[in-house]
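Spelled out from the first residue to the last, the chains are:
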Amino acid sequence: MKVLRSLILILIVSFSNTLWSQEPVLTKEEVIARALEENFGIKLANNNVEIADNNQGILNSGYLPTLTGLAGANYDINDRITEPENGEDVIQNGIENNAYNASINLGYTLFDGLGRYYNYKSLKEQYNLSQLEARETVENTILQIMSVYYEIARLSENVNVLEETLDISKNRVTRAQYQFEYGQANNLVVLNARVDVNNDSIALIETEQQLRNTKRDLNVLLDREVNDNLFAVDTTVNFVSDLELESFIDEAETNNVSLLQIDQDLEISEYDIKINKSGYLPVVDLTGSYGWNKNRSAASAFFPGSTTTRDGFSAGVSLRWDIFDGGRTSVLVDNSKIRYENQQILKEQRETEIRRDIANALGNYRNKLYILNVQEDNVRTNLDNFNRSEEQYKLGRITSIEFRQAQINLLDARTSLNLAKYDAKLAELQVLQLTGQLLNVEL
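Residues numbered from 1 in each chain as written. Predicted model: local features only at pLDDT ≥ 70, side-chain atom pairs only at ≥ 80, totals over all residues. Heavy atoms only, no water.

Re the overall build of the protein
Of the regular secondary structure elements, the protein holds ten helices and six strands. Here the protein has a C-alpha radius of gyration of 41 Å; the compact-globule value for 443 residues is 22 Å, and the former is much larger. Viewed in the frame of its principal axes, the protein has a C-alpha envelope of about 150 × 55 × 30 Å. Taking all 443 residues of the protein together, 34% fall into the buried category. Pairs at least 24 residues apart make up 80% of the contacts formed inside the protein by residues separated by at least 6 positions. Total accessible area computed for the protein in this model is approximately 26,700 Å², and 53% of it derives from carbon and sulfur atoms. (Helix = DSSP H or I, 4+ residues; strand = E, 2+ residues; numbered from the N terminus. Rg over C-alpha atoms; globule rule 2.2 N^0.38 Å. Buried < 20%, exposed > 50% of the residue type's maximum accessible area, 1.4 Å probe, protein only. Contact = heavy atoms within 4.5 Å. Areas by Shrake-Rupley, 256 points an atom, 1.4 Å probe, with all protein chains shown as cover.)

Some details on the packing of helix 4 (residues 115-181) against helix 10 (residues 400-434)
When two helices pack together, their arrangement is given by the angle between the helix axes and the distance between those axes. Remark: helix 4 packs on helix 10, axes separated minimally by 10 Å, with the N-to-C direction vectors making an angle of 170°. One element, helix 4, and the other, helix 10, form an angle in the roughly antiparallel class. (Axes fitted to C-alpha atoms, helices over the stretch in contact; angles between N-to-C directions. Parallel < 35°, antiparallel > 145°, perpendicular 65-115°, else oblique.)

Some thoughts on helix 3 (residues 40-55)
With 16 residues, helix 3 should reach 22 Å at 1.5 Å per residue; the first-to-last C-alpha distance of 23 Å fits that figure. Burial in helix 3 covers these residues: Ile42, Ala45, Val49 and Ala52. End-on, the buried residues of helix 3 take up no more than an arc of 75°, which puts them together on one face. Those residues of helix 3 that are exposed and aimed more than 90 degrees away from the buried face are Leu44 and Asn54. Where helix 3 begins, the capping side chain belongs to Asn39, and its oxygen is found 3.0 Å from the backbone nitrogen of Gly41. (Expected span 1.5 Å × (residues − 1). Arc of directions from axis to C-beta. Polar contact = N/O pair within 3.5 Å; in protein donor to acceptor, adjacent residues only side chain to side chain.)

Re the packing of aromatic side chains
Applying the stated rule across the entire model yields nine aromatic pairs. Here the aromatic rings of Tyr118 and Tyr271 are separated by 6.3 Å at their centres, their planes lie at 35°, and the arrangement is tilted. In this pair, Tyr118 is assigned in helix 4 and Tyr271 in helix 8 (residues 257-277), connecting sequence segments 153 residues apart. Through pairs of rings, three or more aromatic residues link up here, namely Tyr117, Tyr118 and Tyr271. The cationic tip of Lys215 hangs over the ring face of Phe231; the distance from NZ or CZ to the ring centre is 4.9 Å. Between the NZ or CZ atom of Arg224 and the centre of the ring of Phe231, over which it lies, the distance is 4.9 Å. (Phe/Tyr/Trp six-rings, centres within 6.5 Å; stacked < 30°, edge-to-face > 60°. Lys NZ or Arg CZ within 6 Å of the ring centre and 35° of its normal.)

Section: unusual backbone geometry
Positive phi, normally seen in glycine, also occurs at Leu114, with a value near 70°. Considering the arrangement of structural elements, one finds Leu114 in the loop between strand 3 (90-111) and helix 4. One non-glycine residue with positive phi stands out, namely Asp223, at about 55°. Its location among the elements puts Asp223 in the loop between helix 5 (187-221) and strand 4 (232-233).

As for helix 6 (residues 242-250)
Among all positions of helix 6, only Leu245, Phe248 and Ile249 are buried. Looking straight down helix 6, one finds its buried side chains confined to an arc of 100°; they lie on one side. Exposed positions of helix 6 whose direction lies more than 90 degrees from the buried face are Leu243 and Asp250.

Details of the nonpolar core
Grouped together as the largest cluster of nonpolar side chains are 53 residues, with contacts concentrated most on Leu218, Leu245, Leu429 and Leu432. Looking at this core, the elements with two or more residues in it are helix 2 (28-38), helix 4, helix 5, helix 6, helix 9 (328-394) and helix 10. No other element matches helix 4, which puts 17 residues into this core. Ignoring sequence-local partners within four residues, the contact set of Leu432 consists of Val240, Leu245, Phe248, Gln437, Leu438 and Val441. (Core = buried A, V, L, I, M, F, W, Y, C linked by side-chain atoms within 4.5 Å.)

Topic: the side chain of Ser169
Inspection of the secondary structure puts Ser169 in helix 4. What makes Ser169 buried here is its relative accessible area of 0%. Polar side-chain contacts of Ser169 include one of 3.3 Å to the side chain of Arg404. Those residues in contact with Ser169, other than ones at most four positions away along the chain, are Asp196, Val197, Asp200, Arg404 and Gln407.

Concerning the confidence of the model for the protein
Caution is warranted with low-pLDDT regions, since their predicted coordinates should not be read in detail. Model confidence for the protein is summarised by a mean pLDDT of 89, while 90% of its residues fall at 70 or above. Here residues 1-21 is a poorly scored stretch, pLDDT under 50, and it has four contacts once near neighbours within four places are set aside; other chains count. (pLDDT = per-residue confidence, 0-100.)

Details of the packing of helix 2 against helix 3
In contact at an axis separation of 6 Å, helix 2 and helix 3 are set at 50° when each is read in the N-to-C sense. Relative to helix 3, the element helix 2 is oriented oblique. Within the contact between the two elements, helix 2 uses Ala35, Leu36, Glu37 and Glu38 and helix 3 uses Phe40, Ile42, Lys43 and Asn46.

Topic: the pattern of salt bridges
Under the counting rule described, the total for this entry stands at 20 salt bridges. Among the ionic pairs, Lys28 bridges to Asp234, the shortest N-O distance being 3.2 Å. Here Lys28, found in helix 2, pairs with Asp234, found in the loop between strand 4 and helix 6; they are 206 residues apart in sequence, far enough to count as distant. Classification of Asp234 as partly exposed rests on a relative accessible area of 24%. For Arg404, the salt bridge goes to Asp200, with nearest N and O atoms at 2.9 Å. Residue Arg404 is found in helix 10, and its partner Asp200 is found in helix 5; the two are separated by 204 residues along the sequence. In this structure, Arg404 and Asp200 share a single accessibility class: buried. Ionic contacts of the salt-bridge type, sharing partners, join the residues Arg172, Asp196, Asp200 and Arg404 into one network. (Salt bridge = Lys/Arg side-chain N within 4 Å of Asp/Glu carboxyl O.)

Some points on a nonpolar patch on the surface
Side chains of Leu110, Phe111, Leu114, Tyr117, Tyr280, Leu281, Leu286 and Val317 sit close together on the surface and give an oily, nonpolar patch of about 700 Å² of accessible area. Along the polypeptide, Tyr280 turns up in the loop between helix 8 and strand 5 (283-297). Under the relative-accessibility criterion, Tyr280 is labelled partly exposed at 41%. (Patch = residues over 30% accessible without salt bridge, like charges linked within 9 Å, V, L, I, M, F, W, Y side chains within 5 Å.)

In structure tokens:
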């Protein structure tokens, strides 16, 4: 009867803990969506894209005319002495002169050797490059976030395994105490069982602390409340099919974000050559203005005072051609050609590195999948061994030490399986990133 009451109490406590421990699940889709909106690195990358978008606009192209307004006023007061050849000197004090002017000036570059045209094209490519840089930031951030997310999933499953292990150890203590009370075992069996409970409790507490810390890491990446640990994560893992993965690898050189960035750099370098070559050609400017001037002069000894007002339009065209600028344009063109060649060399180098990285990542992924399959078999074997050992232990055919070893083997196998599962998934994400498909598949 006493045993029955204890078992009922354990079931009630376990059921209550299950109810109270239920936490809202933070799905992968929710994590990625929030990261795209709230992650600090992605915010900075999006701002850089916005800057590049502003730079590529018509207002920064040089195609629009300039309109300048000018205005001024001058005032002076002087004393003047006039000494005629015949007659007395004429002395004038406080002579005032006023001058006022205002104008509106229009300027427009009609032709600048096509430098403006190619600069506008270059700004378009720089905007495309900024988008690729933002995409790279997003991919790296998503990979980082999913690494933390899957670590939370792994630790969560380990916590569940350790809780089950602790429950089994506690039940073993209860059984050992009953055996001791009925003279079926000595006190050493009870003490060993209690030591195992303590060890399992410590392992559980440490893993729970790791879980809380990792949740804080995820909160920082998502700009959530740092100490908000009241959430769970989705522990299901799905892998991309081999056929689909092979197609991703075949198209990697056209989708890898690093290679795409180098292609954009090549485009920009090519435009830089054309921009610098525009220095060989003349520049034609159009100007136009409307001006107003008013001058008031004080009277002199021989002339009366006067006020002159003048206004009108003016227009002009000018041509400037640096026939020889000391070789500056030639040096700029030569250097821009060398930079273009450097970009081509970097592209060849990066293509080789990407092929190597994909081969390494793919080999690592396949090894992780093999390890996962082996660990699954290992768990099944150890679970069968544990169930048999538990039956034998209840019948008194094996010692508590032998039963504890079977329990530890099962614990190690299950935690190793959890590690293998998420290691394989992270290895797959590495392959997806290198093939440029990380943002195109369901994680």
